[in-house]
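Chain residues, written in single-letter form:
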Amino acid sequence: MKIKKIKVAFLGGGINSAVGRTHKIAISMDNRYELVAGCFSRNSDINFKTGNEYGVDESRIYKNLSELIKKEKNNIDVICILTPTPNHKNEVVECIQNNVKVICEKALAVSSAEALEIKEALDKYNGFLAVTYNYTGYPMLRELRNMIKDGKLGKIEQVHVEMPQEGFARLDKNGNPQKPQDWRLCDKELPTLSLDLGTHTHDITSFLTGESPIELVSIQNSFGSFRDVIDNSISISTYTNNIVSNIWFSKAALGHRNGLRVRVYGEIGSAEWYQLDPENLYFNDNKGHKLLIDRASVDVNVTTEPRYNRFKVGHPSGFIEAFANYYMDIADLILGISNNENRYVFGIDDALEGLKMLEAMTLSSKEKKWIKIK
């Protein structure tokens with residue numbers, strides 16, 4: 001049966017943007033989407049160069065979101081928002097008010113108050129929103145989730161998630177700090193670090209366990225080259241169903257390009273997954289057995305699907321493939337092929353809970369005490 005291609009427009013994601021190329025490759029990988037229009041940059045030159053490189057007709061390249069919606073709302077299925085996080089709320093709400101479905105890069109908003117405004121618009125206009133938490137698209141992380149659901153680790157007691165990076169501490173070849181975009185060097189209600197990295201640590205824990213954070217204690221620091229912003233955060237959290245979690249995310253951890261690591265401990269077993277070793281899941285049981293699980297293992301249940309095996313085992317699936325897996329889930333949801341009962345696609349409630357948790361981390365660090373999550 002031929003499946004309808006989803007017609008998508010991009011807001012942001014110009015050729016000078018790493019995230020734009022990532023999304024373009026991801027939506028193309030499984031031939032489920034067609035990029036037909038966009039406003040890729042406020043810079044007119046970059047806007048048209050991007051559209052031309054992405055194969056978009058020049059007549060469908062627009063100078064702003066309002067113009068894009070006015071001309072394309074009846075010709076597209078969804079708008080993908082790839083702009084900086086501080087812009088998201090107004091852009092998402094404008095799309096929803098015009099009955100346009102939205103896929104939005106994380107973080108959805110800069111605060112829970114902004115996320116609530118988005119939620120109100122979704123409820124009022126019966127809108128559609130998916131937020132791209134791409135790490136949950138890694139095949140072996142999905143296999144781990146299935147193992148937890150099947151009780152192979154027993155009751156989950158501890159989850160440890162860390163996401164250390166070194167971008168705010170490394171120097172360039174001339175010995176100068178590597179300066180990021182200006183908006184990443186401006187902390188407001190939440191540190192930009194939390195919006196960049198912390199949102200993933202919450203989502204991964206929620207994805208694996210299905211549980212919600214209750215209370216936490218946190219410290220936040222500035223260790224790198226840009227001392228006006230937070231670049232390191234460590235938290236201990238309690239979750240529903242008596243789970244304890246340790247969370248560390250940082251941009252001042254020298255030696256880590258992107259050290260995402262997940263460790264889950266249950267009553268009868270534990271498992272570990274590391275993004276730089278994405279094809280392998282390490283499992284240990286309470287009898288001392290140690291097992292390496294990959295896509296070729298005989299007892300895997302999730303990673304046998306064709307989309308997780310675009311190429312043979314031994315040729316690692318990586319970051320962009322994980323994005324593509326997530327986009328396939330969104331496509332199935334938009335077309336009504338899936339009702340999201342497997343909870344592979346995250347929306348407003350997940351984003352809102354994550355922002356509330358991040359706000360509790362900031363408050364805990366300031367007040368130096370445990371904070372209950374609203």
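Values in this document were obtained by computation on a predicted structure and should not be read as measured data. (Residues numbered from 1 in each chain as written. Predicted model: local features only at pLDDT ≥ 70, side-chain atom pairs only at ≥ 80, totals over all residues. Heavy atoms only, no water.)

Draft legend 1. Layout of the overall build of the chain. Helices and strands together make up the secondary structure of the chain, namely 9 helices and 14 strands. Taking 21 Å as the expected radius of gyration for a compact globule of 374 residues, we find that the chain reaches 21 Å, a close match to that expectation. Across its three principal axes, the chain shows a C-alpha extent of roughly 65 × 55 × 50 Å. Accessible surface, the chain as shown: approximately 16,900 Å² in total, 49% of it carbon and sulfur. Of the charged side chains in the chain, 47 are positive and 48 negative; the average position of the first set lies 2 Å away from that of the second. (Helix = DSSP H or I, 4+ residues; strand = E, 2+ residues; numbered from the N terminus. Rg over C-alpha atoms; globule rule 2.2 N^0.38 Å. Areas by Shrake-Rupley, 256 points an atom, 1.4 Å probe, with all protein chains shown as cover. Lys, Arg positive; Asp, Glu negative; His and termini not counted. Charge placed at Lys NZ, Arg CZ, Asp CG, Glu CD.)

Draft legend 2. Molecular detail of helix α2 (residues 44-53). Taken residue by residue, α2 has N47, T50 and G51 as its buried positions. Buried residues in α2, looked at end-on, bunch into an arc of 95°, giving them a common side. Of the surrounding secondary structure, the elements contacted by the buried residues of α2 are β2 (33-39). Sitting at the amino-terminal end of α2 is N43, which places a side-chain oxygen 3.0 Å from the backbone nitrogen of D45. Looking one or two residues past α2, G55 carries a phi angle of roughly 80°, positive in sign. (Buried < 20%, exposed > 50% of the residue type's maximum accessible area, 1.4 Å probe, protein only. Arc of directions from axis to C-beta. Contact = heavy atoms within 4.5 Å. Polar contact = N/O pair within 3.5 Å; in protein donor to acceptor, adjacent residues only side chain to side chain.)

Draft legend 3. Expanded view of the UniProt feature "domain: Gfo/Idh/MocA-like oxidoreductase C-terminal" (unreviewed entry) in the chain. According to UniProt, the positions carrying the feature "domain: Gfo/Idh/MocA-like oxidoreductase C-terminal" (unreviewed entry) are residues 145-373. When the span residues 145-373 is considered, its composition is 26% helix and 25% strand, and the gap between its end C-alpha atoms is 24 Å. (UniProt positions renumbered as here; feature names shortened; annotations may be inferred.)

Draft legend 4. Summary view of the sheet that holds strand β3 (residues 78-82). Strand order across the open sheet formed by 5 strands is β2-β1-β3-β4-β5, with parallel pairing between neighbours. In this open sheet, the two strands that pair with only one neighbour each are β2 and β5 (129-132). The sheet shows a mean angle of 25° between the axes of neighbouring strands, taken without regard to direction. As paired strands, strand β1 (residues 6-12) and β3 are joined by 5 bridges and run parallel to one another. Within β3, the position partnered with F10 by the bridge is C80. (Pairing = 2+ DSSP bridges. Axes fitted to C-alpha atoms, helices over the stretch in contact; angles between N-to-C directions.)

Draft legend 5. Structural detail: the pairing of β3. Counting buried residues in β3 gives 5 out of 5 residues, a clear majority hidden from the surface. Alternating residues of β3 divide into V78, C80 and L82 and I79 and I81, and every residue in both groups is buried. Here β3 pairs with strand β4 (residues 101-105) via 4 bridges, running parallel. In the strand pairing of β4, I81 is matched with C104.

Draft legend 6. Focus on the pattern of salt bridges. Counted by the stated rule, this structure contains 24 salt bridges. Notably, a salt bridge pairs K106 with D196, separated by 3.9 Å at the nearest N-O pair. Here D196 lies in helix α7 (residues 192-209) and K106 lies in the loop between β4 and α5 (112-125), a separation of 90 residues in the sequence. Look at D196 and you get buried, because its relative accessible area is 5%. (Salt bridge = Lys/Arg side-chain N within 4 Å of Asp/Glu carboxyl O.)

Draft legend 7. Structural context of unusual backbone geometry. Of note, the amide linkage connecting K106 to A107 takes the cis form, showing an omega dihedral of -15°. In this structure, A107 sits in the loop between β4 and α5. Backbone geometry places N241, a non-glycine residue, at a positive phi of 65°. Relative to the helices and strands, N241 resides in the loop between β8 (232-239) and β9 (243-250). Not every positive phi belongs to a glycine, and K368 is a case in point at roughly 55°. Along the chain, K368 falls in the loop between α9 (348-367) and β14 (371-372).

Draft legend 8. Structural detail: the environment of R263. The topology assignment puts R263 in strand β10 (residues 261-266). Under the relative-accessibility criterion, R263 is labelled partly exposed at 24%. Counting along the chain gives 17 residues from R263 to N246, while the straight-line C-alpha distance between them is 9.8 Å. When neighbours within four sequence positions are excluded, R263 is seen to be in contact with Q158, V159, H160, E162, A271 and E272.

Draft legend 9. Main features of the UniProt feature "domain: Gfo/Idh/MocA-like oxidoreductase N-terminal" (unreviewed entry) in the chain. When the UniProt feature table is mapped onto this chain, "domain: Gfo/Idh/MocA-like oxidoreductase N-terminal" (unreviewed entry) is found at residues 6-132. The distance from the first to the last C-alpha atom of residues 6-132 is 17 Å, and the span holds 43% helix and 22% strand.

Draft legend 10. The packing of helix α4 (residues 88-97) against α5, seen in detail. Orientation of α4 relative to α5, taken along the N-to-C sense of each, is 5°, at an axis distance of 9 Å. Judged on the interaxial angle alone, α5 and α4 are roughly parallel. Mapping the contact onto sequence places K89, V92, V93, I96 and Q97 in α4 and E114, E117, I118, A121, L122 and Y125 in α5. Considered class by class, the residues forming the contact of α4 with α5 number 7 nonpolar, 1 polar and 3 charged. (Parallel < 35°, antiparallel > 145°, perpendicular 65-115°, else oblique. Nonpolar A, V, L, I, M, F, W, Y, C, P; charged D, E, K, R; others polar.)

Draft legend 11. Spotlight on the side chain of E105. Relative to the elements of secondary structure, E105 occurs in strand β4. The buried charged residue E105 lacks any salt bridge partner; its closest oppositely charged side chain belongs to K106, at an N-O distance of 4.9 Å. At a separation of 2.8 Å, a polar atom in the side chain of E105 contacts the side chain of H23. With residues near it in sequence (within four places) discarded, E105 still touches V19, H23, I81, L82, H88, V131, T132 and F323.

Draft legend 12. Structural detail: the packing of aromatic side chains. Summed over all chains, the structure comprises 13 aromatic pairs. Look at F40 and Y54: their rings are 5.9 Å apart centre to centre, the planes differ by 85°, and that puts the pair in the edge-to-face class. Separated by 14 residues along the polypeptide, F40 in the loop between β2 and α2 and Y54 in the loop between α2 and α3 (65-72) bring together distant segments of the chain. Just as F40 is buried, Y54 falls in that class too. Pairing Y326 with F346 gives two aromatic rings, centres 6.4 Å apart and planes at 10°, and the pair type is stacked. With a gap of 20 residues between them, Y326 in helix α8 (residues 319-334) and F346 in the loop between α8 and α9 connect regions that are remote in the sequence. Residue Y326 is classed as buried on the basis of its relative accessible area of 0%. One aromatic cluster in this structure is built from Y33, Y135, Y138, W273, F319, F323 and Y327. (Phe/Tyr/Trp six-rings, centres within 6.5 Å; stacked < 30°, edge-to-face > 60°.)

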